[in-house]
Amino acid sequence: MNRIQRIIIGALLAVTALVLLLSAFNPRFLERKQKPSDITIQVILRSNESEYWQNVALGAQAAVKEFGITMYITAAYEEDDAEGQMQAAMKSLLTKPDAIVLGASDDEAFAPFLKAAADQHIPVIAIDSVLTSGKTKSYIGMDNYAAGQEALDELAKQLKGQGDIAIVAHAEGGINGKLREQGIVDAMVNHPGINLVDRVFCSGDRDQCSEAVGQALHKQPLDGIISLNTKSSLGAAVELKKKHAGERVKLIGFDSSPELLEMLQENQLQKLIVQNPFSMGYLGIKYAVDAALGHKVPPRVEMRSMLIDKQNMFWKDNQKLLFPVVQ
Amino acid sequence: MRRGNSKSIQYILSISFILFSVFIIIVVSTVLYGRFAATAEENAFRNSQQIVDQVSYSLENNVQATSDLFNMMYHTISQSGDVDSDVLHRQLETMMSTRADTVSLAMFDDKGQLVMDLPDVAMKNSLDVTSESWFQSALDTPSHLSISLPHVQNLYMEQFRWVVSLSKSITIYHNGKPIQGVLLLDVNFNTIDELSDRVSLGEKGYVYILDESAGNIVYHPQLQLIYAGLKDENVELALKHTYGSYIDNTADATKIISVQTIGNVGWKVVGVSYKNEAMTSISELNRSMFQLLLALILIVVLLSSIVSRRISRPIKQLELSMKNVEHGNFEHAAVGEGPLEVKQLADRFNVMIGTIKKLMRQIVSEQESKRTYELEALQAQINPHFLYNTLNSVVRMVGMNKNEEVTTMITSLSKLFRISLGKGKSVITIADELEHARNYLVIQQMRFKNKFDFSIEAEDGVVSYATLKLIVQPLIENALVHGIEPSVDKGHIGVKAKLEGRDIVIEVKDNGLGMSEERLKQVIAGQVTSSKGSGVGVMNVQERIRLFYGLPYGLHFESELEEGTTVTIRFPAMELEQAEGRDQGE
């Protein structure tokens, strides 16, 4: 070992010792690991108005508290404003979040966004609505197709296997609505006595839905209705109540709101298929954090839906699900 | 290092430094860690328990105040004659307004019919209170105030509010008739929710409220997740204890569970905090200790190698000097650097080398003087013998009246003695040496009755150089005795001094008998001892020249039978002072 080598080795030892000492006295010195609070998750919701999406946000906040991450929420002003949501989403990419939780209002419209996120290697967790127009790390939500089948099965049970029914769907359809409708149509095979006689379309507004349902009822007698979302369910229930047909015409709805629950109590509505948006929001963040840290994430997480009726709506388990916000 | 299992100083020092410091650090960190861990755990327990105690205290107060309000209303209503009176309603409204969290007051008869309702809000059409738990429990246990779990109140139109219901059976006077009924006060849940939500038990810790009797969770920040099966709360430990903090090991992460019971409602406030969170400082300390340990080991390695190098390098240098001495090189003194001990060792070594050198010099000079004495003794031997012969010749010449020759002989003899005695010096000029040789030859020529003649030649400038004394005369004597005397012919002896390069060459040539090759070899080898002659052998001359000037110099013999012998003396040219200096210095 010559002199220069000795000096180099000595200097290396000294530097290593110095680094170790610094690190020993200042624990953050060598910390390469990302701190949880450094992880930012962008949550893009369909709306910040509706109960459903507020619950999603609550669940997300619970997860934020548990994992200690940083979360940003953006939402379209109007629930059906795919364009506006898309713009907000694109804008949020500029902040370079570590992961995105996306409850998209349209599949096709978000193709460029998913591509942009993939280009930036930002994992996207789809919640509520499954996305097929691009790459997502995971889907967390209800199996809407199965829920559609369940809705028809339930209605068939209510009608004792016989009757003419109609579907009240959202005008633009939406990702979930289409799947639910497909589930209903495919389940018709199992119930030969049930006939789908009408498809009613109405867009966002409750009164518009009422009117459309009224027209459908006028066109032909109906024994049962399946409405595919909150607004259409409420519209249909209001119309049935107005026509004093609530007992006669069985109505199966999707999602919940205080008004819908009120209708359920009044028996204007027989069953509601309710999701667990709180858990959806929670799991969305949980898996987004996992994805941001590069852990494996299940590609599809199916949330159990609950069939709510007048009897079980005040059960202990369901109270928190249906009335998440303490007011 | 190389011998057997011996370890270098560096190795021994490093290893013992490292072992020692590691030992110290481990001891210190173990003690610190133990202390710290115990304190941290104690603190975590105390902190958790304190928070839970505070929450339960507030909650208990809240429940107590609400119960008090309820009781006050209860008495007011009981004592009033008519439940429909406006005065009573106003009184009750005032009482309600004293607390912000009261939602509604209602009274039902035992059939479930509404008797009174404050504030006056439309009831649900489908209302049937008889199936409600607060109604049943009030009737089942009269005169006992039932406090419900938080639930969504299902009484009013388009209202689904989370409330805690206080209910008690009551006897009232309605239209003058006493009837049995149930008084219901709904208190909103915000206070409990906020109270529990505000509490922080570390980053992830939380507080939940448990109903003692049924084990139901009254409040939990993640109740939905628990119902959805995404979370699990282990309530068993909390149910088992009424007070205190415990460790829950059932889940993946170890939790600290703190329990406090609220007496008046039979609820338990349970605080859950994560032990690893409370102990973060511990694991950080652990890590720091470990890093400190590593850093110290590195520093110790570095230091010990520097220190041991400083110690062992002078020792190695000393070893090198010793090796030099081993090989006979006494000139390089050991370097006296490094620690005191090594310096002292080097000094001692140097002193030792000095002594050895002095002893060696002493031996050399003793040897030399011994030889000089010997030579001087030998030199001294010639004189009486030669003197006897010469004086004999003088006597004979006096007898023959050869006065002139006697004068010459005695003059030569006296000159001979003057030079050979000198001033006790062994170095003289070549001129003196040649003069000496001439005097000798003159005396011998007379003794041998002109049996030979001689010639002495010297190159210019040669005569002033120095030479050893009495080196030519023995060679001439040799030539006379072995060359000229046995020969029948008249002989000739030639002495020639000249300069050859930096050397002085003195040649003594005779044309006597000469020597056979065999004999010449014996003479060169110094094996010939003569019975005749003065006794100062040719070899003595050889030895003296070599002793004085060094090895390459000395005598050279050339001889041929019947032709004669030539002996050449060769030595370096030196000025007299230089040669005298060397003579004295040696």
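Residues numbered from 1 in each chain as written. Chains lettered and ligands numbered in written order. Predicted model: local features only at pLDDT ≥ 70, side-chain atom pairs only at ≥ 80, totals over all residues. Heavy atoms only, no water.

Asks: Help me out: how do you make sense of the pattern of salt bridges in this one?
Replies: Residues and elements named next belong to chain B. Counting across every chain of the model gives 21 salt bridges over all chains. We note a salt bridge from R438 to E435, for which the minimum N-O separation is 3.2 Å. Placement of the pair is R438 and E435 together in helix α11 (residues 430-447), with a separation of 3 residues, close to one helical turn. Exposure remark for E435: the relative accessible area of 24% places this residue in the partly exposed category. (Salt bridge = Lys/Arg side-chain N within 4 Å of Asp/Glu carboxyl O. Helix = DSSP H or I, 4+ residues; strand = E, 2+ residues; numbered from the N terminus. Buried < 20%, exposed > 50% of the residue type's maximum accessible area, 1.4 Å probe, protein only.)

Asks: Whenever I open this one, the side chain of N229 of chain A confuses me. Can you help?
Replies: All names here are of chain A. With respect to the helices and strands, the residue N229 is situated in the loop between β8 (224-227) and α8 (230-242). Classification of N229 by relative accessible area gives buried; the value is 17%. A distance of 2.8 Å separates the side chain of N229 from the side chain of S232, its partner in a polar contact. In this structure N229 touches H170, R180 and F254, once residues within four positions along its chain are discounted. (Polar contact = N/O pair within 3.5 Å; in protein donor to acceptor, adjacent residues only side chain to side chain. Contact = heavy atoms within 4.5 Å.)

Asks: Got a minute to help me understand the state of the cysteines in this structure?
Replies: By definition, a disulfide links the sulfur atoms of two cysteine residues through a covalent bond. Residues and elements named next belong to chain A. Tallying each qualifying case throughout the model produces 1 disulfide over all chains. Paired through a disulfide, C202 and C209 show a sulfur-sulfur distance of 2.0 Å. Its S-S torsion of approximately 80° makes the covalent link between C202 and C209 right-handed. Both residues of the pair, C202 and C209, belong to the buried class. (Disulfide = S-S within 2.5 Å.)

Asks: Could you clarify how one ought to interpret a negative patch on the surface in this entry?
Replies: A contiguous patch of negative charge on the surface is contributed by E49, E78, D80, D81 and E83 of chain A. Note that E78 of chain A resides in the loop between β2 (70-75) and α3 (82-93). (Patch = residues over 30% accessible without salt bridge, like charges linked within 9 Å, V, L, I, M, F, W, Y side chains within 5 Å. Areas by Shrake-Rupley, 256 points an atom, 1.4 Å probe, with all protein chains shown as cover. Lys, Arg positive; Asp, Glu negative; His and termini not counted. Charge placed at Lys NZ, Arg CZ, Asp CG, Glu CD.)

Asks: Is there a simple way to explain the interface of chain B and chain A in this structure?
Replies: The extent of an interface is frequently quoted as the accessible surface area lost upon association of the parts. Taken together, the contacts link 39 residues of chain B with 39 residues of chain A. Taken over both partners, the interface formed by chain B and chain A buries close to 3,800 Å², and the fraction arising from carbon and sulfur atoms is 60%. Considering only the surface of chain B that becomes buried against chain A, F160, W162 and Q224 of chain B emerge as the three largest contributors, covering 20% of it. Our count for the contact surface shared by chain B and chain A stands at 1 salt bridge. K231 of chain B serves as the salt-bridge partner of E66 of chain A, at 2.7 Å between the closest nitrogen and oxygen. For the pair chain B and chain A, the number of links is 6 residue pairs in polar contact (both at pLDDT 80 or more). Where the side of chain B that touches chain A is concerned, the elements lending two or more residues are β4 (151-153), β5 (161-174), α4 (190-198), α5 (223-227) and α8 (280-326) of chain B. Top contributing element to the side of chain B that touches chain A by residue count: α8 of chain B, with 12 residues. (Buried area = accessible area lost by both parts, 1.4 Å probe.)

Asks: What is the right way to look at the sheet that holds strand β7 (residues 206-211) of chain B in this model?
Replies: Each strand in a sheet pairs with another by means of backbone hydrogen bonds, the pair being arranged parallel or else antiparallel. Residues and elements named next belong to chain B. One open sheet accounts for 5 strands, arranged β8-β7-β11-β10-β9; its pairing is antiparallel. At either end of the open sheet lies a strand with only one pairing partner, and these are β8 (217-219) and β9 (243-248). The mean angle between the axes of side-by-side strands here comes to 30°, regardless of whether they run parallel or antiparallel. When β9 meets strand β10 (residues 255-262), the two strands line up antiparallel, connected through 6 bridges. Pairing of D248 across the sheet is with K255, part of β10. Its contacts with the sheet place helix α1 (residues 9-79) against β7, β9, β10 and β11 (267-274), and it is angled at close to 30° to β10. Across the sheet, α4 lies against β7, β8 and β11, angled at about 90° from β8, the strand it touches most. (Pairing = 2+ DSSP bridges. Axes fitted to C-alpha atoms, helices over the stretch in contact; angles between N-to-C directions.)

Asks: Please explain the packing of aromatic side chains as it appears in this structure.
Replies: Aromatic rings in a pair are described by how distant their centres are and how their planes are angled relative to each other. All names here are of chain B. For the coordinates displayed, the defined rule picks out 13 aromatic pairs over all chains. On the basis of an interplanar angle of 25° and a centroid distance of 6.4 Å, the ring pair of F70 and Y74 is categorised as stacked. Of this pair, F70 and Y74 both sit in helix α1, separated by 4 residues, roughly a single helical turn. Owing to a relative accessible area of 13%, Y74 belongs among the buried residues under this scheme. Look at F548 and Y549: their rings are 4.8 Å apart centre to centre, the planes differ by 80°, and that puts the pair in the edge-to-face class. The pair F548 / Y549 is uniform in exposure class, with both members buried. For K168, the ring lying beneath its charged end belongs to Y74, and the centroid distance is 4.4 Å. The aromatic ring of F448 is capped on one face by R447, whose charged end is 5.4 Å from the ring centroid. (Phe/Tyr/Trp six-rings, centres within 6.5 Å; stacked < 30°, edge-to-face > 60°. Lys NZ or Arg CZ within 6 Å of the ring centre and 35° of its normal.)

Asks: I keep staring at the pairing of strand β10 (residues 271-274) of chain A and nothing clicks. Help me out?
Replies: Residue and element names in this part refer to chain A. The alternating pattern of β10 places K271 and I273 and L272 and V274 on opposite faces, both of which are buried. Of the pairings in the sheet, the one linking strand β9 (residues 250-254) to β10 comprises 3 bridges and is parallel in character. Along β10, the bridge assignment pairs F254 with I273. Following the backbone out of β9, through helix α9 (residues 258-265) and into the adjacent parallel β10, one traces a crossover that is right-handed. In terms of strand pairing, β10 meets strand β12 (residues 306-308) through 3 bridges, oriented antiparallel. Across the sheet, L272 pairs through a bridge with I308, a residue of β12. (Right-handed = clockwise from strand over helix to strand, strands pointing away.)

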